[in-house]
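Structural characterization, general
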There are 2 protein chains.
Amino acid sequence: MKPDDAQLLDISGRRAAGNERSRRFLELCMPPAGLSLEGRLMRLLLGSLGNPPLRLTLWNGESVFTGEGDAVACVRIADRSALLRLFINPELYFGEAYVDASIEVDGDLVKLLEVAYRGMELASFRGRLRLFTSLDRPRSNALSAARDNIHHHYDLGNEFYRLWLDREMLYTCAYFPTPDATLEQAQVAKMDHVCRKLRLRPGDTVVEAGCGWGALALHMAARYGARVRAFNISREQIAYARARARAMGVGQRVEFMEDDYRNISGTYDAFVSVGMLEHVGRDHYGELGRVIDRCLPRNGRGILHSIGQDQPALLNAWIEKRIFPGAYPPTLREMLAILEPHEFSVLDVENLRLHYALTLEHWLRRFEDARERVSGMYDERFVRTWRLYLAGSLAAFNTGNLQLFQVLFVRAGSNDVPWTRAHLYGQ
Amino acid sequence: MKPDDAQLLDISGRRAAGNERSRRFLELCMPPAGLSLEGRLMRLLLGSLGNPPLRLTLWNGESVFTGEGDAVACVRIADRSALLRLFINPELYFGEAYVDASIEVDGDLVKLLEVAYRGMELASFRGRLRLFTSLDRPRSNALSAARDNIHHHYDLGNEFYRLWLDREMLYTCAYFPTPDATLEQAQVAKMDHVCRKLRLRPGDTVVEAGCGWGALALHMAARYGARVRAFNISREQIAYARARARAMGVGQRVEFMEDDYRNISGTYDAFVSVGMLEHVGRDHYGELGRVIDRCLPRNGRGILHSIGQDQPALLNAWIEKRIFPGAYPPTLREMLAILEPHEFSVLDVENLRLHYALTLEHWLRRFEDARERVSGMYDERFVRTWRLYLAGSLAAFNTGNLQLFQVLFVRAGSNDVPWTRAHLYGQ
């Protein structure tokens, strides 16, 4: 592989980090009179976050605020070890310390994370952070590793997800025709948006890569008369989806395969993948492109729907470690590297970032409403882990740290395409 | 610069070409009994185009057809020199021979070019063609060279363009709300489509890179109340645009600069470039990105509208030589390389390929209606050059050889974005 942009970015980040480290070290050795070492560390930490409107308070009552205006939240740090870990690698250890309650947050957790994300952007924090992370790359997504990575998250128990997802169990960005739509309405609208973009007609065959609990595949079969083969390597999700297909009486038209997307065979009128690409990993984009290429005939069309980013950067270290091992959100340019080597033509790209923020607002509210049941099913650490993950994701979409790209493509040269996009808007 | 994809493609193309060349050479040395050398050359030529439904006829009446069904057109070749040149480099010499009338076409020129393009795709012709072209790269677009390149095409005389463009003199892809809209309606609709995507409001400031005869800048000022500074290095176009601004009484709100996009200074609410990127050249995408970056504030938004391609490949050699020196149509992925290094977020990409085909249908029809006047203004070679260029472009958009990408972006993290795209469709 040729050196990619992320690596190049790292190099310049590291150089800047070297200068910054020297400066910090000198400051630490010579703290100004009247300020404790702990106070100095807190100031440096807030400075590296662009001095957001956050208050940091220590176990001994010492408190620092370097922002302007009112603090949106106060972070209480329980002991010296938590402070040091936070200083060394805030991206990873904020999460670790929050989960074991050596950090407590007074005030709005989402707002806290938003001002931290915005500050990090301004302070070009990411580049500098690389200094402290030894394992810079997401974990492998080779066949067996992918199975472990997916099992880690999606096989937590359907009962748990049922507590805070919508009725159809869609665990991907919804599409809200207006912001006051319910989550239930918005998830159905998302499925219809995808089906309309693909111009699904009765009898069309569809292959779905990464089908979750099967809602989209079932919707395509039940509402659009499509014949769907849907792939997923999460055992619990596939079992759930098969049971639903039987209950809905569409078992003849939907086939759920407990298998990896790399094993897709046959040809189909449409390829669809909603929320799987995040787990594929950049090293495997070539393989995914070849899979799509071999399964689409000349009239074929497809959608890749994925969390993304504006610029290449690794996923938040804590999320990658605790929530989504192996995950990487691509830039739009990186997503297009899947399609460009083959005979495809991109018709339409839509960024639904704020729709994912609103989806997460619904999920977080429902999760908080169910937190006692979650705590009973697992434990308090689990509740804090998931709260931070949902709040952090909401903050990331709200601040533009994460994007949601929906990419529609057809076979190169196909003129069987809609004249405009007005049909997506009821015209 | 690191080796880019186009170069990598060339290398494998060259290897395949080597084998192909050996095979051809052997066949030429040992023509089957009963077939003339000329007949053999025609068969090989048609074979390299994927045996399209085209008939080739020689000066002596010898005729070859290797396709299936009926021929869509017949190409009459006037002499041995034309046949040899066509065989050696059809991409370049078809145009040269058509212009000097050593090739005549009986039948539909556009259909002929369409079946040739489709055949070339199937036969992976492009990779092989590289063998015969010594100057593989488009010409330089450094500051002074860019001025010469633009002068070559856009300073042919406003009178000429007035003969076949719409009333507002827009020389870029129109947007047809429905296919039966007139060209006049579709060019106004295109300007409105761009202004709606940018959400232009009265008092907004706009910078336009490459403004042609000024129609979009004038439209933004007159219909949307924007204050526009528009750049172009074509002297004739700028003079025309300034005269129109005075005549329309919007001279206070539109400033036409006879200058290169690289000299844009100041900050603006919106950046817009419709149909200039084709002339920028990949070597200068970094410069263009820095220009956009320095001229947009935190609320800034922009549109890049450009002819593009699905996969990296050089522009047709004849078009680059005779029509658009220095031009290169980027892939969408290459376009995004302009934005990705900076703090931008892509909101929306729309591919308007078939709208450009329809625009070209209108232009070609009007051009043919005016061909006697054109011949009087220039000469018959000029008429044939422009007919082939317009017909070839129409064929290229119809077959998917060229695309039209409209990329809308905002500053990273800006939440001042429309909730959905329904507002573009009158909702």
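Rules and cut-offs
Residues numbered from 1 in each chain as written. Chains lettered and ligands numbered in written order. Predicted model: local features only at pLDDT ≥ 70, side-chain atom pairs only at ≥ 80, totals over all residues. Pairing = 2+ DSSP bridges. Helix = DSSP H or I, 4+ residues; strand = E, 2+ residues; numbered from the N terminus. Domains from an automatic or database assignment. Contact = placed C-beta atoms within 7 Å. Nonpolar A, V, L, I, M, F, W, Y, C, P; charged D, E, K, R; others polar. Axes fitted to C-alpha atoms, helices over the stretch in contact; angles between N-to-C directions. Buried ≥ 20, exposed ≤ 12 C-beta atoms within 10 Å, placed from the backbone. Least-squares fit on C-alpha atoms with pLDDT ≥ 70 in both. Left-handed = near helix turned anticlockwise from the far one by under 90°.

**A short note on the pairing of strand 1 (residues 54-57) of chain A**
Residues and elements named next belong to chain A. Here four bridges tie strand 1 to strand 3 (residues 73-77), and the two strands are oriented parallel to one another. Each residue of the ladder has a partner; that of Arg-55, found in strand 3, is Cys-74. Across three bridges, strand 1 lies against strand 2 (residues 63-65) in antiparallel orientation. Bridged to Arg-55 within strand 2 is Phe-65. Connecting the antiparallel pair strand 1 and strand 2 is a turn made up of five residues, with Gly-61 showing a positive phi of about 90°.

**Looking at the domain arrangement of chain A**
Many authors give the size of an interface as the accessible area that is lost as the parts come together. Residues and elements named next belong to chain A. Partitioning chain A into structural domains gives domain 1 (21-132) and domain 2 (143-425). Between domain 1 and domain 2, the C-alpha centre-to-centre distance is 35 Å. At the interface, 16 residues of domain 1 touch 18 residues of domain 2. Broken down by secondary-structure element, the contributors of at least two residues to the side of domain 1 that touches domain 2 are helix 4 (90-99) and helix 5 (109-122). It is helix 4 that contributes the most residues to the side of domain 1 that touches domain 2, seven residues altogether. Looking at the side of domain 1 that touches domain 2 residue by residue, the class counts come to nine nonpolar, one polar and six charged.

**Observations regarding the interface of chain A and chain B**
The partner chain B presents 34 residues to the 34 residues of chain A that form the contact. Of all elements in the fold, only helix 14 (332-339) and strand 10 (344-351) of chain A reach the threshold of two or more residues within the side of chain A that touches chain B. Of all the elements, strand 10 of chain A adds the most residues to the side of chain A that touches chain B, at eight residues. Of the residues belonging to the side of chain A that touches chain B, the class tally is 15 nonpolar, eleven polar and eight charged.

**Concerning the sheet that holds strand 4 (residues 103-107) of chain B**
All names here are of chain B. The mixed open sheet is built from four strands, whose spatial order is 2-1-3-4. For this open sheet the edge positions go to strand 2 (63-65) and strand 4, each flanked by a neighbour on one side alone. Neighbour to neighbour, the strand axes of the sheet diverge by 20° on average, direction disregarded. Strand contacts of helix 2 (residues 37-48): strand 1 (54-57) and strand 2, with the helix running at about 25° to strand 2, the strand carrying the most contacts.

**A word on helix 4 of chain A**
All names here are of chain A. The buried count for helix 4 comes to nine of ten residues, which makes it a mostly enclosed element. Regarding helix 4, the residues found buried are Pro-90, Glu-91, Leu-92, Tyr-93, Phe-94, Gly-95, Ala-97, Tyr-98 and Val-99. Just downstream of helix 4, Ala-101 is the residue with a positive phi angle, here 65°.

**Here we look at the environment of Ala-222 of chain A**
Mapped onto the elements of the fold, Ala-222 of chain A is located in helix 10 (residues 215-224). Residues Ala-222 of chain A and Val-254 of chain A, 32 residues apart in the sequence, show an inter-C-alpha distance of 9.4 Å.

**A closer look at the sheet that holds strand 3 of chain A**
Residue and element names in this part refer to chain A. If you walk across this open sheet you meet the four strands as 2-1-3-4, and the pairing is mixed. Each of the sheet's edge strands pairs with one partner strand only, and the pair in question is strand 2 and strand 4 (103-107). Strand after strand, the sheet turns through a mean of 20° between neighbouring axes, direction not considered.

**Regarding the relation of the copies chain A and chain B**
Comparison of the two chain copies shows a relationship of rotation about an axis with a shift along it. Taken as rigid bodies, chain A and chain B are interconverted by a rotation of 180° and an axial shift of 0.0 Å, the fit giving an RMSD of 0.0 Å. On this basis, the relationship between the two copies can be described by a two-fold rotation axis. An overlap of 100% is found between the interface residues of chain A and their copies at the interface of chain B, pointing to a shared contact surface.

**Brief notes about the packing of helix 4 of chain A against helix 17 (residues 380-399) of chain A**
Residues and elements named next belong to chain A. Helix 17 packs onto helix 4 with a crossing angle of 145° between their chain directions and a minimal axis gap of 8 Å. As helix 4 packs across helix 17, the resulting crossing turns out to be right-handed. Residue-level inspection shows Gly-95, Tyr-98 and Val-99 of helix 4 in contact with helix 17, the latter providing Arg-381, Arg-384, Thr-385 and Leu-388. Classifying every residue of the contact of helix 4 with helix 17 gives three nonpolar, two polar and two charged.

**Thoughts on the packing of helix 3 (residues 80-88) of chain B against helix 4 (residues 90-99) of chain B**
All names here are of chain B. Taken N-terminus to C-terminus, the directions of helix 3 and helix 4 make an angle of 150°; their axes are 6 Å apart at the nearest point. For the pair helix 3 and helix 4, the crossing hand works out as left-handed. Counted together, Ala-82, Arg-85, Leu-86 and Ile-88 of helix 3 and Pro-90, Tyr-93, Phe-94 and Ala-97 of helix 4 form the full contact between these two elements. Of the residues contributing to the contact of helix 3 with helix 4, the split by class is seven nonpolar, no polar and one charged.

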